[in-house]
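Secondary and tertiary structure notes
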Amino acid sequence: MTQPLRLGLAGLGTVGTGVVRIVQTHADLIAARTGRPVVISAVSARSKGKDRGVKLDAYGWEDDPVALARRDDVDVFVELMGGSDGPAKDATEVAIASGKDVVTANKALLAVHGHALALSAEAAGRVIRFEAAVAGGIPVIKALTEGLAGNQIARVMGVMNGTCNYILTRMEETGQGYNVLFDECAKLGYLEADPNLDVGGIDAGHKLSLLAAIAFGTQVDFDSVELEGIQSITLEDIRQAADMGYKIKLLGVAQMTGRGLEQRMSPCLVPDTSPLGQLQGGTNMVVLEGDAVGQIVLRGAGAGSGPTASAVMADVMDIARGLRLPTFGQPATTLRKARAARAAVPAPYYLRMQLLDKPGALAKVARVLGDSGISIDRMRQYGHQDTTAPVLIVTHKTTRSALDEALAAFGATGVVAAEPVAIRIEAV
Ligand code: NAP
Ligand code: HSE
């Protein structure tokens, strides 16, 4: 009988237990599809005694994931612990040095160390697979590296963080603030160990940088992603956006331009009737644009145990079938170092400001915008408080740098009572 593929599973949390469940419940289906059994040899987590709701007694146990990565009865090291450094990085490096292939769901690790890890894995003849690291259950890495391999990719964009989309859509549905919705995300298994990575846009930025590396044949460059989270978005913004026919989404866009590689992850207003505008809960959507194929839209669960474990198993099964691809779709030695460019495509912006309620305040703000070359499309003043009034302004198309110039100049007017919120309006 064909030799089984033996897994060493480091991490038995939301994703790890999901993988155990699939290996146990779909053993026959997996063997039939790959032509060999896939088995778990040993596992590792911090706490051996914890009840995880899955049967683990048939597997070896290691307190130390590095020891798991060295075991002779492990062919594939499956890293499901998380963290860009520490045990995840140490154990991954040891696994490669010990001749194991690696499957990981860890976007933080790959966004920071992906290029170096890919170089060492490929030099050692090993593979690193990471379908689960981007957009949960959506097979977007496979789509880019295999299905669209014959295309010049023009643009990659999408909603890639389930937590943010859940919080933004539930805020609108329930009227609750985003702090309250953390607990629901935790119960659903969406949150990163540090939820600031989610709401700060960092997790989604990690994912975008990985997609950009594959799409444009470049070395992962997370440091150049222009990042903005959803922390400053209020229920009022969501309601005002809805009133104007928009939804607020944490949207990522990566494109190669004549000036270099643009990567930005920031809250955007998108038309509420657009496919992106209609995404609810933890659902993700990734839009890929290729010169031959046109536009491809992938949509599905972006987080959670089952969807993420599904993606991990796709990678494991590819290895079981003997499919061996370079980490980022082409040999790591051929990936270019891209010049980073600040996103410069003009767009309209939504501006929410708190102005002192006194004569001439609006005129001063309008003058600052005019001086920065920004033209106003729509304006609305509503809900006067004692001494201040919220004002919404929708601009005509402008650049982020012109807007930043205006934002910096507002302080000197003496009429702006709180930090303005500026959100790009994206035509999608
Ligand atoms: P989790 O529920 O917090 O589980 C983490 C697991 O790692 C736990 O079992 C923990 O052990 C173990 N662990 C942590 N530090 C360890 C160490 N030093 N030594 C041994 N084991 C250690 O996290 P998760 O949600 O499953 O996420 C795992 C990875 O998948 C992360 O990289 C995450 O970004 C990624 N991911 C998650 C999702 C999702 O929806 N959750 C989706 C896509 C990707 P104990 O249980 O004993 O504490
Ligand atoms: N914390 C991540 C999210 C998990 O909310 O999307 C999936 O990568």
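None of the values given here were measured: they were computed from a predicted structure. (Residues numbered from 1 in each chain as written. Chains lettered and ligands numbered in written order. Predicted model: local features only at pLDDT ≥ 70, side-chain atom pairs only at ≥ 80, totals over all residues. Heavy atoms only, no water.)

1. Some thoughts on the domain arrangement of the protein chain
Under the domain assignment used here, the protein chain contains domain 1 (5-133), domain 2 (140-300) and domain 3 (349-425). The gap between the C-alpha centroids of domain 1 and domain 2 is 27 Å. Listed as interface residues are 10 residues of domain 1 and, on the opposing side, 15 residues of domain 2. Both sides together, the interface formed by domain 1 and domain 2 hides about 1,100 Å², and carbon and sulfur atoms give 64% of it. The largest share of the area that domain 1 buries against domain 2 comes from Lys107, Ala111 and Glu131, three residues that together contribute 47% of it. Notably, a salt bridge pairs Asp203 with Lys107, separated by 3.3 Å at the nearest N-O pair. On inspection of domain 1 and its partner domain 2, the count reaches 5 residue pairs in polar contact (both at pLDDT 80 or more). (Domains from an automatic or database assignment. Contact = heavy atoms within 4.5 Å. Buried area = accessible area lost by both parts, 1.4 Å probe. Salt bridge = Lys/Arg side-chain N within 4 Å of Asp/Glu carboxyl O. Polar contact = N/O pair within 3.5 Å; in protein donor to acceptor, adjacent residues only side chain to side chain.)

2. Regarding the site of ligand 2
Taken together, the neighbourhood of ligand 2 is formed by Lys107, Asn161, Gly162, Thr163, Tyr190, Glu192, Asp198, Asp203, Lys207, Gly302 and Ala303. Measuring from a nitrogen atom of ligand 2, one finds a side-chain N or O atom of Glu192 at 2.8 Å. One nitrogen or oxygen atom from the side chain of Asp198 is found 2.7 Å from a nitrogen atom belonging to ligand 2. Compared with its free state, where it exposes 250 Å², ligand 2 has 94% of that area covered by protein. If you list the elements that add at least two residues to the shell around ligand 2, you get helix H7 (162-174) and helix H10 (202-216). Partitioning the shell around ligand 2 into residue classes produces 2 nonpolar, 4 polar and 5 charged. (Near = heavy atom within 4 Å. Areas by Shrake-Rupley, 256 points an atom, 1.4 Å probe, with all protein chains shown as cover. Helix = DSSP H or I, 4+ residues; strand = E, 2+ residues; numbered from the N terminus. Nonpolar A, V, L, I, M, F, W, Y, C, P; charged D, E, K, R; others polar.)

3. Structural notes on the packing of aromatic side chains
Considering all chains together, one arrives at 2 aromatic pairs under this definition. Ring geometry for Phe130 versus Phe328: centroids 5.5 Å apart, planes at 55 degrees, classification tilted. Of this pair, Phe130 sits in the loop between strand E6 (128-129) and helix H6 (140-147) while Phe328 is found in the loop between helix H12 (305-321) and strand E13 (349-356), placing the two residues 198 residues apart along the sequence. According to the relative accessible area criterion, Phe130 is buried, its value standing at 1%. Ring geometry for Tyr166 against Tyr190: centres 5.9 Å apart, planes inclined by 80 degrees, an arrangement best described as edge-to-face. With Tyr166 in helix H7 and Tyr190 in the loop between helix H8 (178-187) and helix H9 (196-199), this pair connects stretches of sequence that are 24 residues apart. Of the residues examined, Tyr190 reaches a relative accessible area of 15% and is grouped as buried. (Phe/Tyr/Trp six-rings, centres within 6.5 Å; stacked < 30°, edge-to-face > 60°. Buried < 20%, exposed > 50% of the residue type's maximum accessible area, 1.4 Å probe, protein only.)

4. A word on H8
Every buried residue of H8 is listed here: Tyr178, Leu181 and Cys185. Taken end-on, H8 shows its buried residues confined to a sector of 55 degrees, consistent with a single buried face. Exposed residues lying more than 90 degrees from the buried face of H8 are Asn179, Asp183 and Lys187. Residues of H8 that are buried make contact with H7 and H9. (Arc of directions from axis to C-beta.)

5. Some remarks on the pattern of salt bridges
In this structure the tally under the stated criterion is 28 salt bridges. Between Arg342 and Glu226 there is a salt bridge whose closest N-O contact spans 3.6 Å. Residue Arg342 is located in the loop between H12 and E13, and its partner Glu226 is located in strand E8 (residues 226-227); the two are separated by 116 residues in the primary sequence. Several salt bridges share partner residues, and in doing so they unite Arg129, Lys142, Glu146, Asp315, Asp318 and Arg321 into one network.

6. Remarks on unusual backbone geometry
Glycine aside, a negative phi is what most residues show, and trans is what most peptide bonds show. Its identity is not glycine, yet Ala135 carries a phi of approximately 60 degrees, on the positive side. Here Ala135 is to be found in the loop between E6 and H6.

7. Some thoughts on the site of ligand 1
Taken together, 25 residues are adjacent to ligand 1, and Ser47, Arg52, Gly189, Glu192 and Gly304 come closest. For ligand 1, an oxygen atom lies 2.8 Å from a polar atom in the backbone of Leu12. Contacts to ligand 1 include Lys107, whose side-chain N or O atom sits 3.1 Å from an oxygen atom. In isolation ligand 1 has 900 Å² of accessible area, and contact with the protein removes 85% of it. When the residues that make up the shell around ligand 1 are grouped by side-chain class, the tally is 10 nonpolar, 10 polar and 5 charged.

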